[in-house]
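# Working through the structure, step by step
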Amino acid sequence: MNQEKTFIGQPRGLSTLFFTEMWERFSYYGMRAILLYFMYDAVSNGGLGLSKPTAVAIMSIYGSLVYMSSIVGGWISDRLLGSYKTVFYGGVFIMLGHIVLATPFGLPALFISMILIVIGTGMLKSNASGMVGHLYAPEDLRRDAGFSIFYMGINIGALLAPIIVGTLGQKVNYHLGFSIAAIGMFFGLLQYVIQGKKSLAHIGQEPTHPLLGEEKKVFTRNISLGLLFVVVLFGGAALLGSLTVDFFINSISVLGIFLPIYYFTKMLRSKEVTSEEKKKVRAYIPLFIAAIIFWSLEEQGSSILALFAAERTQATIFGITIPASLYQTLNPLFVVILTPVFVALWTKMGARQPKTEVKFAIGLIMAGLSFVLLMFPSMLFGVDHRVSPIWLILSFFIMIAGEMCLSPVGLSVTTKLAPKAFEAQTLAIWLLADASSQAINAQIARFYTPSTEGMYFAVVGGVAVIGGLILYAARGSIRQLIGNIH
Ligand code: GLU
Ligand code: ASP
């Protein structure tokens, strides 16, 4: 392709999407770095005074919804707006969400903000990644490198966020932190509009399958039925007096499990999917389950491990007090450090590098080990003494080494194995693994208490290690179904 190369040898549009997503992730992970503490901190400290288990469960449910909504975001871009506009409006919703959270209106503000950010992220995140894919012609070899650079952008945003938003949020006040998250998203939008006008002029300007005539009626009917169902479900629960936070959490957990089952059944039954494609879907299912377990552990970095950081690690090191939110930089920091290392490693190994399913197995085993490691602090020192942060740092390091084996390849294998007829939902399907993992986390997190700490890490980590070993043992059969895709 004879395109102007101005961003590290990549199409100019990559720079626009890189910074848009960097700022979006800055606002998201900045907000998440303090949200847990904001929710359970006492009202007199500027928090919401929720119980810790509820706060942890809300973190997971929120994380789950943010990725589940990609299905809606994918649909809006495919059928109504095209990805360019969908990303823009998504960013606007996100910014508004952070602004609402910066106001002092307590729990109602939190819920309104959550709705805005869930819708906004669903519209922005998957479509921005989708546009990255469209920057390249099918035979363009720069595509994989482009995605690695984009993943770095995500993590640079996630790395800066806890340092700025987290520190100000915890040391000055939470609302200041949330305001900075909003400003970050504003920069992202500004940059998107100014640069994107030119650099993305040829991408996503129109919906790929616009909604026409008869379909509009079907759509209106389905949406009305869906809304009716939600109203009946929650209205019924309210009438019976059981519309509690727990009811809401449990409903989302059920949805998190149900949605992937629905999608995979649909793919395996669809007449538009060829039998060759169905084989690939079958091969994808074990990888998808592995991804769910992996993300379940990884995402606990901002819930259970954030709690561990605040309650169980020494708060002062060499006389300096460390805000707990700062531990949230470890995950993205190691991604930024390790991405080039792994890219070099795979390149050096060339054809000898492990196949996708083996990389998945390694990633899962590492995630498991990063949890198993955390069984030792309580075993060795009990739960009454705070332990050195080294434990947490080491745990994050092992986890992210695992992430390097699973996350970048996961996205690319999804695009290769998803049937043609489901192309518009490809990225949403990959994000569904993360959504399901957090729907599950909302349930298992309740088993984490000071007295069960060691056991919790041992069991959850152990499940991941065993899952990884099973996947490794099944690699031959999976490969048979995949065929010769790398
Ligand atoms: N942590 C990454 C992000 O925020 C990956 C999420 C995923 O792929 O599930 O973009
Ligand atoms: N590593 C996560 C995502 O990649 C970011 C984070 O959890 O801070 O890319």
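Every value quoted in this text rests on a predicted model; they were computed, and no experiment measured them.

Analysis parameters
- Residues numbered from 1 in each chain as written.
- Chains lettered and ligands numbered in written order.
- Predicted model: local features only at pLDDT ≥ 70, side-chain atom pairs only at ≥ 80, totals over all residues.
- Heavy atoms only, no water.
- Helix = DSSP H or I, 4+ residues; strand = E, 2+ residues; numbered from the N terminus.
- Polar contact = N/O pair within 3.5 Å; in protein donor to acceptor, adjacent residues only side chain to side chain.
- Contact = heavy atoms within 4.5 Å.
- pLDDT = per-residue confidence, 0-100.
- Near = heavy atom within 4 Å.
- Areas by Shrake-Rupley, 256 points an atom, 1.4 Å probe, with all protein chains shown as cover.
- Nonpolar A, V, L, I, M, F, W, Y, C, P; charged D, E, K, R; others polar.
- Salt bridge = Lys/Arg side-chain N within 4 Å of Asp/Glu carboxyl O.
- Buried < 20%, exposed > 50% of the residue type's maximum accessible area, 1.4 Å probe, protein only.
- Axes fitted to C-alpha atoms, helices over the stretch in contact; angles between N-to-C directions.
- Parallel < 35°, antiparallel > 145°, perpendicular 65-115°, else oblique.
- Left-handed = near helix turned anticlockwise from the far one by under 90°.
- Phe/Tyr/Trp six-rings, centres within 6.5 Å; stacked < 30°, edge-to-face > 60°.
- Lys NZ or Arg CZ within 6 Å of the ring centre and 35° of its normal.
- Patch = residues over 30% accessible without salt bridge, like charges linked within 9 Å, V, L, I, M, F, W, Y side chains within 5 Å.

## Observations regarding the side chain of S325
Tracing the backbone through its elements, the reader meets S325 in the loop between β4 (320-321) and α12 (330-349). From its side chain, S325 meets the backbone oxygen of G166 in a polar contact 3.5 Å long. Within the structure, the side chain of S325 is placed 2.8 Å from the side chain of Q170, a separation counted as a polar contact. Other than its neighbours up to four places away in sequence, S325 contacts A33, I34, Y37, P162, G166, T167 and Q170.

## Notes on the confidence of the model for the chain
Predicted confidence across the chain gives a mean pLDDT of 92, with 98% of residues reaching 70 or more. When pLDDT is averaged over each helix and strand of the chain, the minimum, 68, is found for strand β1 (residues 5-7) and the maximum, 98, for helix α17 (residues 453-473).

## Focus: the site of ligand 1
Contacts to ligand 1 come from R25, Y29, Y67, K125, I154, W295, W430, L431 and D434. Side-chain polar atom of W430 to an oxygen atom of ligand 1: 3.4 Å apart, as the coordinates give it. Contact with the protein chains hides 94% of the accessible area of ligand 1, taken as 290 Å² for the molecule alone. Elements that contribute at least two residues to the shell around ligand 1 include exactly α1 (12-40) and α16 (426-444). Of the residues forming the shell around ligand 1, the biggest block, three residues, is contributed by α16. Partitioning the shell around ligand 1 into residue classes produces six nonpolar, no polar and three charged.

## What to know about the pattern of salt bridges
Under the criterion given, the structure shown has 11 salt bridges. Residues R25 and E21 are paired through a salt bridge, measuring 3.8 Å at the closest nitrogen-oxygen approach. Separated by four residues within a single helix, R25 and E21 lie in helix α1, roughly one turn from each other. Given a relative accessible area of 0%, R25 falls into the buried group. Note that E214 is salt-bridged to K217, the shortest N-O span being 3.7 Å. Here E214 and its partner K217 are both found in helix α8 (residues 213-239), three residues apart, which amounts to about one turn of the helix.

## A word on the packing of α1 against helix α2 (residues 52-68)
In the contact formed by α1 and α2, the axes pass within 8 Å of each other and the chain directions differ by 160°. Of the possible angle classes, the one that applies to α1 and α2 is roughly antiparallel. The element α1 and its partner α2 pack so that their crossing is right-handed. Taking contact as the criterion, the partners of R25, Y28, Y29, M31, R32, L35, L36, M39 and Y40 in α1 are, on α2, K52, A55, V56, I58, M59, Y62, G63, V66 and Y67. Broken down by class, the residue content of the contact of α1 with α2 amounts to 14 nonpolar, one polar and three charged.

## Points about the site of ligand 2
The environment of ligand 2 is formed by Y29, Y151, I154, N155, A158, E298, N331, P332, V335 and E403. A distance of 3.5 Å is found between a nitrogen atom of ligand 2 and a side-chain nitrogen or oxygen belonging to E298. When ligand 2 sits alone it has 260 Å² of accessible area, and the protein chains cover 90% of it. Elements represented by at least two residues in the shell around ligand 2 include exactly α6 (143-171) and α12. The greatest single-element share of the shell around ligand 2, amounting to four residues, is contributed by α6. Of the residues in the shell around ligand 2, the class split is six nonpolar, two polar and two charged.

## Re the environment of S303
The topology assignment puts S303 in the loop between α10 (275-299) and α11 (304-312). S303 sits in the buried class, given a relative accessible area of 2%. Once the C-alpha coordinates of S303 and A33 are considered, the two residues, 270 residues apart in sequence, prove to be 9.4 Å apart. Every residue in contact with S303, bar those within four places of it in the chain, is listed here: L36, V56, M59 and S60.

## Looking at the packing of aromatic side chains
All chains considered together, the criterion is met by 28 aromatic pairs. With a centroid separation of 4.5 Å and an interplanar angle of 20°, the aromatic rings of W75 and F219 are classed as stacked. In this pair, W75 is assigned in helix α3 (residues 70-81) and F219 in helix α8, connecting sequence segments 144 residues apart. Taking NZ or CZ as reference, K359 lies 4.1 Å from the ring centre of W346, over its face. Sitting above the plane of the Y472 ring, R475 keeps its charged end 4.0 Å from the centroid.

## Regarding a nonpolar patch on the surface
Together, I183, F186, F187, L190 and I194 line one region of the surface with nonpolar side chains, adding up to about 470 Å² of accessible area. On the secondary structure map, I194 appears in helix α7 (residues 174-199).

## Description of the packing of helix α5 (residues 106-134) against α6
Where α5 contacts α6, the axes come no closer than 10 Å and their chain directions differ by 150°. Regarding the angle of α5 to α6, the classification is roughly antiparallel. For the pair α5 and α6, the crossing hand works out as right-handed. When α5 is examined against α6, the residues K125, A128, S129, V132 and G133 are found in contact with a partner set consisting of R143, F147, F150 and I154. Here the residues of the contact of α5 with α6 are counted per class, giving five nonpolar, two polar and two charged.

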